[in-house]
Amino acid sequence: MNREKKQGKVYLIGVGPGDPELITIKGLRFLKRAEVVLYDHLIPMDLLKEVSRSARLIPVGKKHGAHSMSQDAINECLFHEAQRGKKVARLKGGDPYVFGRGGEEILFLKARGVDVEVVPGVSSVIAVPALAGIPLTQRHLAMTVAVASGHVTEDNDPIPVPDADTLVYVMCVSDLDKTVKQILKKRSAGTPCAVIENGAMPGERVLVGTLRNIVHKSRTAKLVAPAVFVVGDVVRLRARIFTKRA
Ligand SMILES: C[S@@+](CC[C@H](N)C(=O)[O-])C[C@H]1O[C@@H](n2cnc3c(N)ncnc32)[C@H](O)[C@@H]1O
């Protein structure tokens, strides 16, 4: 009789932003084989139809700061399921390592000897502007890109504005006014910018403006999360590039 304990494994899978077809072939393959699936609220829920009927689904979603499961509890749950010999798919919106706490989870599991594999995903940072007709770089116009968090906590001023032609802020909605104020220390009020809400999803909205008026436009439009804020001359290209998707 084989008494060897079945080895569990955790797959940290980036599923892309919004559109279920933006998961990678590898990510989908591991998802289909999973015995336990932990998922965030920002993943496209249609992907759960791909999961095996016998698999256990565990929502661990974090919505507007209200965690349904703490990060510590998520780590422990991943560890526990892997210890039980399960194939665990940990689904994360976009890419696991771009503001996704994937690094924390993998370090936790590796420190405990768990077999873990990361499957990179299409990050909202790149895909959401792309679908809105905004390339992040363009020869002669933008040769550098910086990605930052627009979330400001009580003991944390907005982060210094990176030196890059194109700036992309995630988690930008609640503190957009503070972020814009900070950017205005370095860039002119006429700098083009855009906020893209619910990118790659049916309810997608794109607000285009300048640093002078984007906060007002966002308030008037009652902007909600998730949204990505893009700043720089590349935003002007949208007028020539964007075509409605089928
Ligand atoms: C915690 S971060 C996770 C980012 C994710 N790991 C990635 O690579 O896209 C969540 C932020 O990503 C952005 N985001 C994710 N999905 C989005 C979408 N479909 N449309 C617009 N922004 C999105 C928003 O800025 C949101 O606040």
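Here the structure is shown first, and the text comes after it.
A brief structural summary. Note that the structure is predicted; figures quoted are calculated from it, not measured.

## Regarding the site of the ligand
- Taken together, 19 residues lie around the ligand, and Val98, Ser123, Ser124, Met171 and Ala227 are the ones closest in.
- Here Gly93 contributes a backbone N or O atom positioned 3.1 Å from a nitrogen atom of the ligand.
- Residue Ser124 places a side-chain N or O atom 2.6 Å away from an oxygen atom belonging to the ligand.
- Isolated, the ligand exposes 570 Å² of accessible area, and the fraction of that covered by the protein chains is 89%.
- Contributions of two or more residues to the shell around the ligand are made by helix H4 (124–131) and strand E12 (227–231).
- The residue inventory of the shell around the ligand, partitioned by class, reads twelve nonpolar, six polar and one charged.
- Per-domain counts for the shell around the ligand show at least three residues from each of domain 1 (9–122) and domain 2 (125–241).

## Some remarks on helix H3 (residues 102–111)
- Regarding H3, the residues found buried are Gly102, Glu105, Ile106, Phe108 and Leu109. Projected down its long axis, H3 shows its buried positions confined to an angular sector of 160°, all on one face. Those residues of H3 that are exposed and angled more than 90 degrees off the buried face are Leu107, Lys110 and Ala111.
- If you follow the buried residues of H3, they end up packed against strand E1 (9–14), helix H2 (71–83), strand E6 (87–92) and strand E7 (115–119).

What counts and what doesn't
Residues numbered from 1 in each chain as written. Predicted model: local features only at pLDDT ≥ 70, side-chain atom pairs only at ≥ 80, totals over all residues. Heavy atoms only, no water. Near = heavy atom within 4 Å. Polar contact = N/O pair within 3.5 Å; in protein donor to acceptor, adjacent residues only side chain to side chain. Areas by Shrake-Rupley, 256 points an atom, 1.4 Å probe, with all protein chains shown as cover. Helix = DSSP H or I, 4+ residues; strand = E, 2+ residues; numbered from the N terminus. Nonpolar A, V, L, I, M, F, W, Y, C, P; charged D, E, K, R; others polar. Domains from an automatic or database assignment. Buried < 20%, exposed > 50% of the residue type's maximum accessible area, 1.4 Å probe, protein only. Arc of directions from axis to C-beta. Contact = heavy atoms within 4.5 Å.

By themselves these figures say nothing about function.
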